[in-house]
Amino acid sequence: MRALTLVADRKIELADIPAPPPPQAGEVQVRVKAVGLNHLDLWGFRGMAFVKRKLPLVVGAEAAGEIAAVGAGVTAFKPGDPVVMYGALTCGTCKACREGRDNLCENVAGIMGFHLDGFARDRLNMPARLVMPVPKGVSLRDASCAPIAFSTVQHMLFDNARLEPGETILVQAGGSGIGTTAIKMAKAVGATVYTTVGDDEKIAKAKALGADHVINYRTDRFASVVRKLTAKKGVDVAFEHVGPDTFNGSLLCLKRGGRLVTCGSTSGQSTDINLFQLYLQQYRIIGSFGCTIKNVHESLAKMAGGLTPVIDTEVPLANVADALARLEGRKVFGKIIVTF
């Protein structure tokens with residue numbers, strides 16, 4: 001069967017690999033239909049020094065598909081059911097897992113598509129406990145954005161930052177997959193949204209999603225603009241995932257007692273912060289990684305309610321290298337979907 005395989009840094013091949021065996025007890029076999037690309041895929045494609053993995057590696061950290069077969073004891077699914085999969089191989093038995101804090105699993109085996117073989121293949125077997133049904137009316141294309149793009153934002157905004165109706169939020173990189181999702185989710189609860197984009201063409205697109213104020217960070221100092229627009233009060237929440245290029249500017253945009261939540265650092269791994277500013281302004285900085293299985297269910301429910309992802313492009317398996325180049329060049333507005 002087909003599988004998108006990373007064979008070396010920056011080298012992906014469409015390979016023919018053995019089909020999986022019949023699913024064992026407690027497992028399901030999923031026929032993959034759509035894979036959502038994320039910056040995580042780009043990190044894996046480039047090669048990251050801190051990652052212990054063995055090549056060749058099947059890529060793909062986020063996907064949707066259909067049940068092809070079920071193993072003994074599985075009653076929640078039947079062949080043909082549309083599903084999404086949780087991308088971390090958690091143990092399911094540690095204290096964090098038992099409490100529903102799946103992204104803090106004490107014995108996680110790794111992230112699929114990054115540390116372990118991922119979803120970009122025709123079929124694979126998964127523990128049924130890590131598979132979730134897709135609600136009626138939600139396409140597999142849209143559902144493929146639920147396990148990372150939607151659920152990461154759900155976890156950041158509502159579990160961690162505790163965004164409330166009527167608050168103000170700065171969304172960095174509003175044209176990205178999670179940036180577009182954050183704009184839509186924040187507006188859906190009645191927040192006022194400030195966002196940054198990297199070129200003027202994305203300004204109208206971001207406003208069409210509901211952003212109240214859009215700033216081209218390449219031509220304007222976004223922190224100065226946000227302070228001016230808020231009469232120097234600042235925003236309640238800063239949604240960060242860019243890293244050193246924007247982190248301190250995001251802190252400057254916060255009002256006293258504001259919350260910065262971050263899930264990524266695409267522009268680098270470290271930065272300096274002003275500790276006087278941190279404690280005098282009583283900022284709260286919250287690290288947020290991944291999501292919980294509950295967040296995936298919540299995200300799918302939002303999709304069923306009409307809050308759908310922004311799709312930049314859909315590409316076939318053979319064009320993944322071009323899609324990664326588009327992602328790396330920051331040309332995207334929304335998500336890139338790889339179709340099977």
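The numbers attached to residues start from 1 for each chain and follow its sequence in the written order. Owing to the predicted nature of the model, reporting of local features is limited to residues with pLDDT of at least 70; listing and counting of side-chain atom pairs is limited to 80 or more, with chain, interface and lining totals taken over all residues. Only hydrogens and water are removed before side-chain values are computed, so all heavy atoms of the structure are retained for them.

## Looking at the overall build of the protein chain
Stage number 1. When its secondary structure is counted, the protein chain shows 11 helices and 16 strands.
Stage number 2. Throughout, radius of gyration means the C-alpha value; the globule benchmark is 2.2 Å times the number of residues raised to the power 0.38. The globule rule puts the C-alpha radius of gyration for 340 residues at 20 Å, and the 20 Å found for the protein chain is close to it.
Stage number 3. Relative to its full complement of 340 residues, the protein chain shows a buried share of 52%.
Stage number 4. The contact rule is simple, with two residues in contact once any of their heavy atoms fall within 4.5 Å. Put simply, of all contacts in the protein chain between residues at least 6 apart along the chain, 69% involve residues at least 24 apart.
Stage number 5. His residues and chain termini do not enter the charge count, which takes Lys and Arg as positive and Asp and Glu as negative. Charge coordinates come from a single atom per side chain, which is NZ of Lys, CZ of Arg, CG of Asp or CD of Glu. Charged side chains of the protein chain number 40 positive and 31 negative; the gap between the two group centres comes to 4 Å. Under the scheme used here, helices are H or I runs from DSSP no shorter than 4 residues and strands are E runs no shorter than 2 residues, and both carry numbers assigned from the N terminus. In this scheme, a residue with accessible area under 20% of its type's maximum is buried, one over 50% is exposed, and one in between is partly exposed, where area comes from a 1.4 Å probe on protein chains only.

## Points about the sheet that holds strand S14 (residues 284-287)
Stage number 1. Reading across the sheet, the six strands line up as S11-S10-S9-S12-S13-S14 and stay open at both edges, with parallel pairing between neighbours. For this open sheet the edge positions go to strand S11 (213-216) and S14, each flanked by a neighbour on one side alone. In this sheet, adjacent strand axes meet at a mean angle of 15° when their direction is disregarded.
Stage number 2. DSSP calls a pair of strands paired once it identifies at least 2 bridges connecting them. As paired elements, strand S10 (residues 192-197) and S11 share four bridges and run parallel to each other. Every axis corresponds to a line fitted to the C-alpha atoms, with the helix fit spanning only the stretch in contact, and the corresponding angles, defined between N-to-C directions, vary from 0 to 180 degrees.

## Focus on the environment of Thr339
Stage number 1. Structurally, the position occupied by Thr339 is in strand S16 (residues 335-339).
Stage number 2. By relative accessible area, Thr339 is classed as partly exposed at 27%.
Stage number 3. When the C-alpha atoms of Thr339 and Pro316 are compared, they prove to be 5.1 Å apart, with 23 residues separating the residues in sequence.
Stage number 4. Ignoring sequence-local partners within four residues, the contact set of Thr339 consists of Lys33, Glu314, Val315, Pro316 and Leu317.

## Some details on the pairing of strand S3 (residues 27-36)
Stage number 1. Within S3, seven of the 10 residues are buried, which leaves it mostly tucked inside the rest of the structure.
Stage number 2. The pairing of S3 with strand S7 (residues 123-127) spans five bridges and is antiparallel. Across the sheet, Val30 pairs through a bridge with Leu124, a residue of S7.
Stage number 3. Relative to strand S5 (residues 63-70), S3 runs antiparallel, the two sharing seven bridges. What sits directly across from Val28, in S5, is Val70.

## Structural notes on the pattern of salt bridges
Stage number 1. Salt bridge, as used here: a side-chain nitrogen of Lys or Arg that lies within 4 Å of a carboxyl oxygen of Asp or Glu. Applying the stated criterion across every chain, the model contains 16 salt bridges.
Stage number 2. Its salt-bridge partner being Arg10, residue Glu328 comes within 2.7 Å of it at the nearest N-O pair. With a gap of 318 residues between them, Glu328 in helix H11 (residues 320-328) and Arg10 in the loop between strand S1 (2-8) and strand S2 (11-16) connect regions that are remote in the sequence.
Stage number 3. The partly exposed category is assigned to Glu328, whose relative accessible area is 26%.
Stage number 4. Take Arg10: its relative accessible area is 46%, and that puts it in the partly exposed class.

## Some points on the packing of aromatic side chains
Stage number 1. Each Phe, Tyr or Trp ring (for Trp, its six-membered ring) is paired with any other whose centre lies within 6.5 Å, and the angle between the two planes then decides the class: stacked below 30 degrees, edge-to-face above 60, tilted in between. Throughout the structure, instances matching the rule amount to one aromatic pair.
Stage number 2. Arranged with centres 5.8 Å apart and planes meeting at 65°, the rings of Phe276 and Tyr279 form a pair that is edge-to-face. In this pair, Phe276 and Tyr279 are both assigned in helix H9 (residues 275-280), three residues apart and thus about one turn of the helix distant.

## Observations concerning the nonpolar core
Stage number 1. Within this scheme, the nonpolar core is defined by two criteria: the residues are buried Ala, Val, Leu, Ile, Met, Phe, Trp, Tyr or Cys, and they are joined through side-chain atoms within 4.5 Å. Judged by nonpolar contacts, the single largest core of 80 residues is most densely connected at Ile169 and Phe239.
Stage number 2. Among the elements that line this core, the one with the most residues is helix H4 (residues 146-160), at seven residues.
Stage number 3. Contacts of Phe239, omitting those with residues within four sequence positions, involve Val153, Met156, Leu157, Ile169, Leu170, Val171, Gln172, Ile178, Ala182 and Val261.
Stage number 4. Ranked by size, the runner-up nonpolar core spans 14 residues in total, among them Leu170, Ala223, Val235 and Tyr283.

In short, the description is geometric, and any link to function would need to be established separately.
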